[in-house]
Amino acid sequence: MLQTFDPRNKDLIVNINGRLLHRDEAGISPFDSAVQGGDAVWEGLRLYDGRIFKLTEHLERLRSSALALAFAEIPSFEAITTEIRRTLEANQMRDGVHLRLTLTRGVKYTSGMDPRLNTVGPTLIVLAEHKAPVYDFAGITLVTSTIRRPGPDVLDPKIHHCNLINSILAKIQANAAGADDALMLDGRGFVAETNATHVFLVSEGVVRTGTVDACPEGITRSTVIGLCRSHGIPIEVGDLSLTDVYRAAEVFCTGTMGELAPVVRVDGRAIGDGQPGPMTRRLGDLYRDLAGREGERVVE
């Protein structure tokens, strides 16, 4: 799976600390903490008909991650929402849009990792792109990576940080194997997530997903669990092994950028009959209906 360039994004306006700049003119300082050490947190948002689905939940996770990293300053939800709105209006966007928020510790007065070198406050970047869900709803393939997801004793996954090397290394393995994404295990050998999404499987009519011991507290993941509970669909959360994946009737991935995507092959082995399953389709429809109806209005 390789994303393609959307020509509508050729002249994007990007927002950096309130400055609206053409994508070719936008830039951050080489002394910014994101450049110096990946010292930043981020969120992915999706815009549906002028509304951002789960905006408050995303902003709460952004703030929580920044607090965990001891950022001295964190913009208010209102301030961030204002910059989101300004960016969307500048690009005349209202639907089919993916936004990436990045909040860095800010610019340092000299190079180094010490947070005490930061004295001018955080950097907020709002990047909005015309982008449909990035996964093929006809089904994607996964390959199990040798790169493990670290637990909280190494780098706590509750921090939605911008240090994505772990995921990138796994994605490189998936690319080399000709798969769409990589399935990643935790330090004990249980399923954590893919390099970019959470993983669910369906077995004997029960939807199952792993814990968040070694993966982020996913907002789309939580939404799907909530949909199962509100629609009487059996749901279990617990450790899943590769054996559970291989013998599942269905497997699907969840994330803001891709919504719900069916997985049809893992490590070259067909999942179920090798086609998107009925539970995946049902939950996908329920999710898209919910996302289309709910959310905070940010543009008219």
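Below or above, wherever it landed, is the structure these notes cover. (Residues numbered from 1 in each chain as written. Predicted model: local features only at pLDDT ≥ 70, side-chain atom pairs only at ≥ 80, totals over all residues. Heavy atoms only, no water.)

**Let's talk about the pairing of strand β9 (residues 191-194)**
- As paired strands, strand β8 (residues 181-185) and β9 are joined by 3 bridges and run antiparallel to one another. Note on β9: the bridge partner recorded for L185 is V191.
- Counting the residues in the hairpin turn of β8 and β9 gives 5 residues, including G189, whose phi is positive at 95 degrees. (Pairing = 2+ DSSP bridges. Helix = DSSP H or I, 4+ residues; strand = E, 2+ residues; numbered from the N terminus.)

**Focus: the sheet that holds strand β6 (residues 123-130)**
- The antiparallel open sheet is built from 7 strands, whose spatial order is β2-β1-β6-β5-β3-β4-β16. The sheet terminates laterally at β2 (19-22) and β16 (296-297), the two strands that pair on one side only.
- Of the strands in this sheet, β1 (13-16), β2, β3 (40-48), β4 (51-52), β5 (97-104), β6 and β16 are in contact with helix α3 (residues 77-91), which crosses β6 at around 35 degrees. (Contact = heavy atoms within 4.5 Å. Axes fitted to C-alpha atoms, helices over the stretch in contact; angles between N-to-C directions.)

**A word on a nonpolar patch on the surface**
- Together, I165, I168, L169 and I172 make up an exposed nonpolar region whose accessible area comes to about 360 Å².
- Along the polypeptide, I165 turns up in helix α5 (residues 165-177). (Patch = residues over 30% accessible without salt bridge, like charges linked within 9 Å, V, L, I, M, F, W, Y side chains within 5 Å. Areas by Shrake-Rupley, 256 points an atom, 1.4 Å probe, with all protein chains shown as cover. Salt bridge = Lys/Arg side-chain N within 4 Å of Asp/Glu carboxyl O.)

**As for helix α2 (residues 55-68)**
- Taking 1.5 Å per residue as the helical rise, α2 with its 14 residues ought to reach 20 Å, and the 20 Å between its terminal C-alpha atoms agrees with that figure.
- When we look at burial in α2, the residues that qualify are L55, H58, L59, R61, L62, S65 and A66. Seen end-on, α2 carries its buried residues on one side only, within an arc spanning 160 degrees.
- Where α2 is buried, its residues meet β3, β4, α3, β5, α6 (219-230) and β16. (Expected span 1.5 Å × (residues − 1). Buried < 20%, exposed > 50% of the residue type's maximum accessible area, 1.4 Å probe, protein only. Arc of directions from axis to C-beta.)

**Quick notes on the packing of aromatic side chains**
- For the coordinates displayed, the defined rule picks out 2 aromatic pairs.
- Ring plane angle 90 degrees and centroid distance 5.6 Å describe the contact between F53 and Y287, whose orientation is recorded as edge-to-face. Here F53 is found in the loop between β4 and α2, whereas its partner Y287 is found in helix α8 (residues 278-293), with 234 residues between them in sequence.
- F53 sits in the buried class, given a relative accessible area of 5%.
- For Y287, a relative accessible area of 3% corresponds to the buried category.
- For the pair F200 and F252, a centre-to-centre distance of 5.1 Å together with 5 degrees between the ring planes defines the contact as stacked. (Phe/Tyr/Trp six-rings, centres within 6.5 Å; stacked < 30°, edge-to-face > 60°.)

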